[in-house]
Amino acid sequence: MLDWTSTALADGVWAAALMVMMMCSVRAWRRMDAEAWAPLQWGRDGQPVMRAQRDLAVAFTPLVAMAGGLLLAAGARLGDPSQTGWVALRLVAPVLLAISHQMHLKGALKTLKAEGGL
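These numbers were taken from a predicted model, which means no experiment stands behind them.

Rules behind the numbers
Residues numbered from 1 in each chain as written. Predicted model: local features only at pLDDT ≥ 70, side-chain atom pairs only at ≥ 80, totals over all residues. Heavy atoms only, no water. Helix = DSSP H or I, 4+ residues; strand = E, 2+ residues; numbered from the N terminus. Rg over C-alpha atoms; globule rule 2.2 N^0.38 Å. Contact = heavy atoms within 4.5 Å. Areas by Shrake-Rupley, 256 points an atom, 1.4 Å probe, with all protein chains shown as cover. Lys, Arg positive; Asp, Glu negative; His and termini not counted. Charge placed at Lys NZ, Arg CZ, Asp CG, Glu CD. Axes fitted to C-alpha atoms, helices over the stretch in contact; angles between N-to-C directions. Parallel < 35°, antiparallel > 145°, perpendicular 65-115°, else oblique. Nonpolar A, V, L, I, M, F, W, Y, C, P; charged D, E, K, R; others polar. Patch = residues over 30% accessible without salt bridge, like charges linked within 9 Å, V, L, I, M, F, W, Y side chains within 5 Å. Salt bridge = Lys/Arg side-chain N within 4 Å of Asp/Glu carboxyl O. Buried < 20%, exposed > 50% of the residue type's maximum accessible area, 1.4 Å probe, protein only.

Section: the overall build of the protein chain
When helices and strands are counted, the protein chain shows three helices and two strands. Secondary structure of the protein chain in N-to-C order comes out as α-β-β-α-α. In summary, the protein chain has a C-alpha radius of gyration of 17 Å against a globular reference of 13 Å for 118 residues, an excess of more than 25%. Overall, the C-alpha framework of the protein chain stretches about 55 × 30 × 15 Å when taken along its three principal axes. Pairs at least 24 residues apart make up 69% of the contacts formed inside the protein chain by residues separated by at least 6 positions. Carbon and sulfur atoms make up 67% of the accessible area of the protein chain, which totals about 7500 Å². Distance from the positive charge centre (11 side chains) to the negative charge centre (8 side chains) of the protein chain: 8 Å.

Now the structure itself:
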């Protein structure tokens, strides 16, 4: 039988992390120029090697996190509920994704500020 308490807790953590990511995205989106191409990835020298338009740059991680969260939730419900790995993964992954999303946006804003794209 599925442990509904741990499942509900994991769903709540995903929802909270997605909300945090969305708020960070909105804040960054408002600061960027409409025509800005925000960095998605930086090279070893600290220079951007991949960019995307503002809308995609701020929405990419939350969208992937939402899709991943839904897949993990389905896997946890269809898999063996006695395995605590699903619950642990569903509790840790959204927190790590929210932190990495915030760090990415902070770096993108810093780069755009140096380039005059804010």
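A few points about the packing of helix α2 (residues 54-78) against helix α3 (residues 84-115)
Two numbers describe how α2 lies on α3: the axes approach to 11 Å, and their chain directions differ by 180°. Taken together, the axes of α2 and α3 are roughly antiparallel relative to one another. Contacts between α2 and α3 pair A57, V58, T61, P62, A65, L72, A73, G75, A76 and R77 from the former with W86, L89, R90, L97, H101, H104 and L105 from the latter. Tallied by class, residues from the contact of α2 with α3 come to 11 nonpolar, four polar and two charged.

Some remarks on a nonpolar patch on the surface
Taken together, the side chains of M19, V20, M22, M23 and V26 make up a nonpolar region of the molecular surface, amounting to roughly 440 Å² of accessible area. For M19, the location among the structural elements is in helix α1 (residues 4-31). Of the residues examined, M19 reaches a relative accessible area of 43% and is grouped as partly exposed.

A closer look at the environment of A76
Topologically, A76 is positioned in helix α2. Residue A76 is classed as buried on the basis of its relative accessible area of 9%. When the C-alpha positions of A76 and W86 are compared, they lie 5.6 Å apart, and in sequence the two are 10 residues distant.

Quick look at the environment of Q41
In this structure, Q41 sits in strand β1 (residues 37-42). Of the residues examined, Q41 reaches a relative accessible area of 38% and is grouped as partly exposed. For Q41 and A74, which are 33 residues apart along the polypeptide, the C-alpha to C-alpha distance reads 30 Å. When neighbours within four sequence positions are excluded, Q41 is seen to be in contact with Q47, P48, V49 and M50.

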